[in-house]
Amino acid sequence: MAEIGYGVAVKVLELLGSVTYEELSSAWGVRSDLTKLERTVKAIKAVLLDAEEKQASDHRLSIWLGELKDVLQDAENVLDEFQYRILQKEVMKRNGSTSKKVSNFFSSSNPLAVRFEMAHKIKGIRKRVDEIAAEKDKFNLAQGLGDRKLNMQERRDMTHSFVDPRNVIGRDDAKENIIHLLMKQNENSSRNVDILPITGIGGLGKTTIAKLVYSNEQVVGHFQLRMWVCVSEDFNVTRLIKEILKSAIDKIDENFGAHGLQNNLRELLRNKKFIDNLGVDEVQFRLRELLKDNKFLLVLDDVWNEDRNKWMELEDLLCEGYNGSKIIVTTRNNSVATIMGTVPTYHLDGLSNEDCMSLFVKLAFKEGEEKQYPNLLEIGNGIVIKCKGVPLAVRTLASLLYPKVDEREWKYVRDNEIWHLKQNEGHILPALRLSYNQLPFHLKQCFAYCSLFSKDYEFKSINLVQFWMAHGLLQSPDNENQEFEDIGDLYIKELVSRSLFQDVYQTALFYYTFKMHDLVHDLALSIAKSECSIVTKKSTLAAGVCHLSILDNGQEVTTQLEKLSKVQTIIFKTEQPMSILKACISRFKFLRMLDLSKSSFEVLPNSIENLKHLRYLHLSGNRIIKQLPDSICKLHSLQTLVLASCSNLEQLPKGIRDIISLRYLVVTTKHTCLSEKAVGCLDSLRFLLILNCENLKCLFEGMEGRLTYLRTLLVDDCPSLTTLSLSIRHLTSLKTLIIMDCKELSLMEVEGEDNQDLKLSLQNLMIVGLPKLEVLPQWLQGSANTLQLLLIKECENFKALPEWLSRLKSLHTLGILECPKLSSLPEGMEALTTLKLLRIEGCPDLSRKCREEDSHKIAHVPQIALEEDSGSSSSSSKEELQCNLKRIEERSLFLTKTRLLFKMTKARS
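These figures come from a predicted structure and were not determined experimentally. (Residues numbered from 1 in each chain as written. Predicted model: local features only at pLDDT ≥ 70, side-chain atom pairs only at ≥ 80, totals over all residues. Heavy atoms only, no water.)

A word on the overall build of the chain. Along the backbone of the chain there are 31 helices and 25 strands. A total of 909 residues make up the chain; the buried ones form 56% of that total. Across the chain, contacts joining residues at least 24 apart in sequence account for 69% of those joining residues at least 6 apart. For the chain, the computed accessible surface area is about 38300 Å², with 47% contributed by carbon and sulfur atoms. (Helix = DSSP H or I, 4+ residues; strand = E, 2+ residues; numbered from the N terminus. Buried < 20%, exposed > 50% of the residue type's maximum accessible area, 1.4 Å probe, protein only. Contact = heavy atoms within 4.5 Å. Areas by Shrake-Rupley, 256 points an atom, 1.4 Å probe, with all protein chains shown as cover.)

Position of His547 among the secondary structure elements: in strand β10 (residues 547–550). Placed 98 residues apart in sequence, His547 and Tyr449 show a C-alpha to C-alpha distance of 8.3 Å. Discounting chain neighbours no more than four positions away, the residues touching His547 are Tyr449, Leu452, His471, Glu531, Cys532, Ser533, Gln568 and Thr569. A distance of 3.3 Å separates the side chain of His547 from the side chain of Tyr449, its partner in a polar contact. (Polar contact = N/O pair within 3.5 Å; in protein donor to acceptor, adjacent residues only side chain to side chain.)

Once that is clear, we can look at the pairing of strand β23 (residues 813–817). For β23, a buried count of 5 out of 5 residues is recorded, marking the element as mostly surrounded by other parts of the structure. Of the two faces of β23, the one lined by Thr813, Gly815 and Leu817 and the one lined by Leu814 and Ile816 are each fully buried. As judged from the 5 bridges shared by strand β22 (residues 789–793) and β23, these two strands associate in the parallel manner. Looking at β23, one finds that Leu789 is bridged to Thr813. (Pairing = 2+ DSSP bridges.)

Where two cysteines share a covalent bond between their sulfur atoms, that bond is called a disulfide. This structure, assessed with the given rule, holds 1 disulfide. Each disulfide pairs two cysteine sulfurs, and for Cys673 the partner residue is Cys698, the sulfurs being separated by 2.2 Å. As the torsion about the S-S bond is roughly -110 degrees, the Cys673-Cys698 disulfide counts as left-handed. Of the two residues, Cys673 sits in strand β16 (residues 673–675) while Cys698 sits in strand β18 (residues 698–701), which places them 25 residues apart along the sequence. Overall, the relative accessible area of 14% leaves Cys673 in the buried class. (Disulfide = S-S within 2.5 Å.)

With that settled, the discussion passes to the side chain of Asn77. Mapped onto the elements, Asn77 comes out in helix α4 (residues 59–94). One polar contact links Asn77 to Arg592, side chain to side chain, over a distance of 2.8 Å. The residues touching Asn77, leaving out its near neighbours within four places in the chain, are Gln568, Phe590, Arg592 and His613.

On to the sheet that holds strand β3 (residues 296–303). The strand order β2-β3-β4-β1-β5 describes an open sheet built from 5 strands, whose pairing is parallel. Of all strands in the sheet, those bounded by a partner on one side alone are β2 (225–232) and β5 (346–347). Inspection of the sheet shows β2 paired to β3 by 7 bridges, in the parallel sense. Within β3, the residue paired with Trp228 across the bridge is Val299.

A few words on the nonpolar core. If you look at the biggest cluster of nonpolar residues, it comprises 133 residues, and the most contacted ones within it are Phe447, Leu464 and Trp468. Per element, the largest residue contribution to this core is 11 residues, and it comes from α4. Not counting chain neighbours up to four residues away, the residues in contact with Trp468 comprise Cys446, Cys450, Leu473, Leu474, Gly488, Tyr491, Ile492 and Leu495. Ranked by size, the runner-up nonpolar core spans 104 residues in total, among them Ile608, Leu724, Ile728 and Leu811. (Core = buried A, V, L, I, M, F, W, Y, C linked by side-chain atoms within 4.5 Å.)

Of all 11 residues making up helix α19 (residues 391–401), 9 are buried, and the element is well covered by its neighbours. Taken together, the buried positions of α19 are occupied by Pro391, Leu392, Ala393, Val394, Thr396, Leu397, Ala398, Leu400 and Leu401. Taken together, the buried residues of α19 touch α17 (353–364), α18 (374–386), α20 (407–415), α21 (428–437) and α25 (518–528).

All chains considered together, the criterion is met by 18 aromatic pairs. Seen from their ring centres, Phe453 and Phe467 are 5.5 Å apart, and the 80 degrees between their planes marks the pair as edge-to-face. Remark: Phe467 occurs in helix α23 (residues 461–470) and Phe453 occurs in the loop between α22 (441–449) and β6 (459–460); sequence separation between them is 14 residues. Of the residues examined, Phe453 reaches a relative accessible area of 6% and is grouped as buried. (Phe/Tyr/Trp six-rings, centres within 6.5 Å; stacked < 30°, edge-to-face > 60°.)

Before going further, it helps to spend a moment on the sheet that holds β6. One key point about sheets: their strands pair by backbone hydrogen bonds, in either a parallel or an antiparallel sense. Judged by pairing direction, the sheet is antiparallel, and its 3 strands sit side by side in the order β6-β8-β7 without closing on themselves. A strand with exactly one partner marks an edge of an open sheet, and here the two such strands are β6 and β7 (502–505).

What follows deals with the confidence of the model for the chain. The share of residues in the chain with pLDDT of 70 or more is 85%, and the mean pLDDT across the chain is 85. Between residues 98–109, whose pLDDT stays under 50, and residues either more than four places distant or in other chains, the model counts 17 contacts. Contacts for the low-pLDDT stretch residues 870–909, under 50 throughout, to residues beyond four places or in other chains number 103 contacts. (pLDDT = per-residue confidence, 0-100.)

Moving on, we get to the environment of Val229. Locating Val229 in the fold gives a position in strand β2. Sequence separation of Val229 and Ser247 is 18 residues, and the distance between their C-alpha atoms is 7.1 Å. Ignoring sequence-local partners within four residues, the contact set of Val229 consists of Leu240, Glu243, Ile244, Leu298, Val299, Leu300 and Asp301.

The linkage connecting Tyr402 with the following residue, Pro403, adopts the cis geometry, with an omega of -10 degrees. Positive phi values are uncommon outside glycine, yet Asp302 reaches one of about 65 degrees. Given the relative accessible area of 4%, Asp302 is considered buried. The phi dihedral of Ser499 falls on the positive side, at around 65 degrees, and the residue is not glycine. For Ser499, the position within the fold is in the loop between α24 (484–497) and β7. By relative accessible area, which is 10% here, Ser499 ends up buried.

Axis angle and axis distance: for two packed helices, these are the angle between their axes and the distance between the axes, and together they describe the pair. Viewed as axis vectors pointing N to C, helix α7 (residues 172–183) and helix α8 (residues 206–215) meet at an angle of 55 degrees, and their least axial separation amounts to 10 Å. Between α7 and α8, the angle falls in the class oblique. For α7 against α8, the interelement crossing comes out right-handed. Counted together, Ala174, Lys175, Ile178, Ile179 and Leu182 of α7 and Ile209, Leu212 and Val213 of α8 form the full contact between these two elements. Its residues placed into classes, the contact of α7 with α8 shows 7 nonpolar, no polar and 1 charged. (Axes fitted to C-alpha atoms, helices over the stretch in contact; angles between N-to-C directions. Parallel < 35°, antiparallel > 145°, perpendicular 65-115°, else oblique. Left-handed = near helix turned anticlockwise from the far one by under 90°. Nonpolar A, V, L, I, M, F, W, Y, C, P; charged D, E, K, R; others polar.)

With that settled, the discussion passes to the pairing of strand β21 (residues 764–768). Among the 5 residues of β21, 5 are classified as buried, and the element is accordingly described as predominantly covered. Neither face of β21 is open: one carries Asn764, Met766 and Val768, the other Leu765 and Ile767, and all of them are buried. Note that strand β20 (residues 736–740) and β21 share 5 bridges and pair parallel. Within the sheet, the bridge partner assigned to Ile738 lies in β21 and is Met766.

This part is about helix α3 (residues 31–54). The first and last C-alpha atoms of α3 sit 35 Å apart over 24 residues, in line with the 34 Å expected at 1.5 Å per residue. Of all the bends found along α3, the most pronounced is centred on Leu48 and spans about 40 degrees. Along α3, the residues that are buried comprise Asp33, Leu34, Leu37, Thr40, Val41, Ile44, Val47, Leu48, Leu49, Asp50, Ala51 and Glu52. (Expected span 1.5 Å × (residues − 1). Bend = angle between axes of the 7 residues up to and from the residue.)

This is the structure:
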């Protein structure tokens with residue numbers, strides 16, 4: 001990946017800047033070396049982006065960057081080990097070691113030797129970095145370029161407004177839909193000018209559609225003036241005004257003869273050089289004069305600008321146009337569409353396979369020649385399928401084959417990944433790469449690492465964030481209320497906004513799924529091929545590969561792994577023998593992520609303790625593992641531990657409290673009680689999922705005050721659980737609580753506590769399958785100001801909603817399903833002014849009463865669904881209600897989708 005050196009430099013500087021280093025750096029006598037190292041890495045970082053720009057044309061520079069990347073990775077690993085030692089010391093303090101033991105925490109046998117070894121490593125790294133840095137002056141590199149922008153060679157060509165309709169296939173419906181939107185007068189709008197964004201990934205045909213619409217006879221006759229401007233990445237308002245004026249010049253005689261444009265303005269506009277020489281105030285005046293009395297259509301093609309202030313500066317001038325004027329904006333970025341659009345965005349879909357095939361035949365063969373080559377047509381269909389509906393991809397591959405008729409060449413194109421094929425300017429990968437080049441640096445890294453997952457892989461937001469976190473790809477939070485998990489979620493949403501992720505579906509309250517288009521996946525592969533690799537028996541690995549997804553097993557795979565040394569990620573997609581696992585643990589000391597969810601063994605090797613850098617360990621689905629070695633507790637840097645569906649796991653190691661960095665824990669165990677002794681203090685935990693624990697009777701015994709950072713707690717299918725044994729007052733950070741299928745749990749065991757002035761921050765509460773639940777617990781009042789969603793389902797003995805329900809000031813979604821003993825709503829429901837969605841199902845008496853005697857209690861709720869309801873409401877049409885019911889089901893898991901909540905852990909996809 002082009003930016004890998006820069007990325008490692010950033011991580012090294014973050015480690016060096018940590019205040020936790022100060023104590024040990026002085027104690028070990030390495031403060032001077034660390035200070036010098038920091039200074040040198042800063043100097044290197046300042047020129048790295050320029051170096052990576054120039055390396056393609058300078059082989060020596062490319063070699064230097066490779067050597068630099070290698071030494072910076074070594075520096076990162078040494079500094080991370082330094083961080084591990086700091087955590088190790090903290091563990092000994094927590095366990096009550098004496099001051100003498102703490103001072104000798106490095107090693108029980110020879111602490112001085114370990115201290116000397118670490119100091120020697122740091123001095124060696126500093127010396128190597130100095131030597132590499134001294135060579136940078138040979139290359140005359142520029143400093144402080146910041147985030148890379150587009151190369152001139154990578155810049156998209158300026159577009160024009162003409163397209164031959166005969167060369168466009170499969171876009172008639174989209175064209176007619178957009179024309180209809182342009183002709184439509186928005187009677188409910190106070191605006192003179194409506195702005196219609198068209199979005200989609202690169203190569204989908206947004207510009208082509210805009211051209212078809214722009215040249216349509218009906219559109220030409222409807223607007224007095226039409227203008228076309230290719231905006232691209234340079235959103236300079238004065239430049240754009242001049243381009244709009246120039247675009248208008250050729251249309252003046254054609255469109256204004258009968259409309260009386262002032263002669264002097266017409267003459268001035270005819271002179272393009274005159275326009276170039278106008279000042280800022282003058283061009284703005286000319287634009288207002290041009291637009292104020294004329295209904296116009298303006299196309300702003302290929303917009304990337306996300307600065308709302310810049311857009312508002314231009315919008316103020318454009319919106320003075322005549323009533324009924326329209327602006328079309330084409331963009332890949334949904335954020336741009338949100339900023340600019342005044343009407344709903346038109347999301348452009350891919351072409352059908354049939355239309356893609358028609359386009360392919362038109363471009364790959366001379367006219368009528370395809371009939372002579374039925375075998376090529378069959379191969380061509382396979383080529384078209386890999387294009388996944390993107391016209392530019394079809395054009396790219398068809399152009400590679402025209403006018404070739406050798407079946408071997410066609411099969412080569414069909415059977416290769418697109419990123420392996422030669423790409424000329426204007427082809428699909430260069431077009432898509434523009435989207436990548438526009439990303440800020442931190443998103444470039446995160447996007448490229450997604451190439452490690454296979455095509456059509458269904459990403460889960462919560463899992464991908466943990467993956468990024470394990471590799472230190474997330475920037476530090478800006479404020480104390482923001483967590484790394486929040487940062488990762490923002491990254492995903494930004495990539496969705498930029499059309500690099502798609503098919504987003506909110507599967508559950510705490511995560512959503514999404515995919516990458518196959519061509520976008522090819523883009524990621526092309527970027528990260530030197531860093532990430534999907535390993536098969538036939539694959540060939542680059543020497544510097546650090547991240548592996550292993551699809552096969554056997555000697556061929558083992559031989560390939562023996563060539564590598566600095567691997568940081570291993571994802572096993574097939575079951576591997578214990579020998580391979582032991583070999584990987586022995587060889588790859590710098591692993592950050594190890595996914596063994598497809599493996600099956602009774603015991604994890606004791607040698608796991610050697611993976612000091614490990615952040616992510618996934619053992620889900622191993623149904624024969626009986627125990628974890630005590631040595632796993634030495635993984636002090638571990639942040640994510642997944643033990644879902646490990647149904648024979650007898651108990652967790654006694655020293656698991658020593659994994660002090662743990663933020664994400666999923667566990668299935670045969671243990672009867674998860675107490676402080678069994679689970680540890682878990683001070684750092686943010687997410688906890690406990691499921692399928694048949695013997696579990698109590699949770700959190702003796703752990704009061706230990707889960708103050710916990711934000712999400714899920715307990716599922718624990719039929720023997722009788723008590724949480726936890727003072728709810730200590731869960732002050734908890735946002736989402738989901739409890740399902742716990743037949744012996746009533747949630748009333750903490751009711752003896754003093755709930756006066758209890759301050760909680762719970763936002764989402766789901767209670768499903770608790771037959772012993774009769775009323776809601778009093779402690780829920782502690783979230784009166786924060787609770788937004790409440791779902792109670794399959795609680796057959798639930799009898800009454802409390803009177804204090806009306807004090808839930810933020811509640812917007814309430815669902816009560818299959819609680820047959822609940823017969824009425826409490827008084828004061830009218831006070832729930834924020835309640836927007838209400839669904840009652842499987843509660844016949846309650847539904848009847850809500851339709852009859854209690855209808856006044858819920859009359860203010862905009863969307864209501866009652867059992868045997870006709871689907872009408874006072875404030876919504878039937879269609880609107882159906883739409884909103886779908887939203888309710890998606891947000892609250894009202895139907896069978898509830899079970900999808902735990903798919904990610906019960907059965908690894």
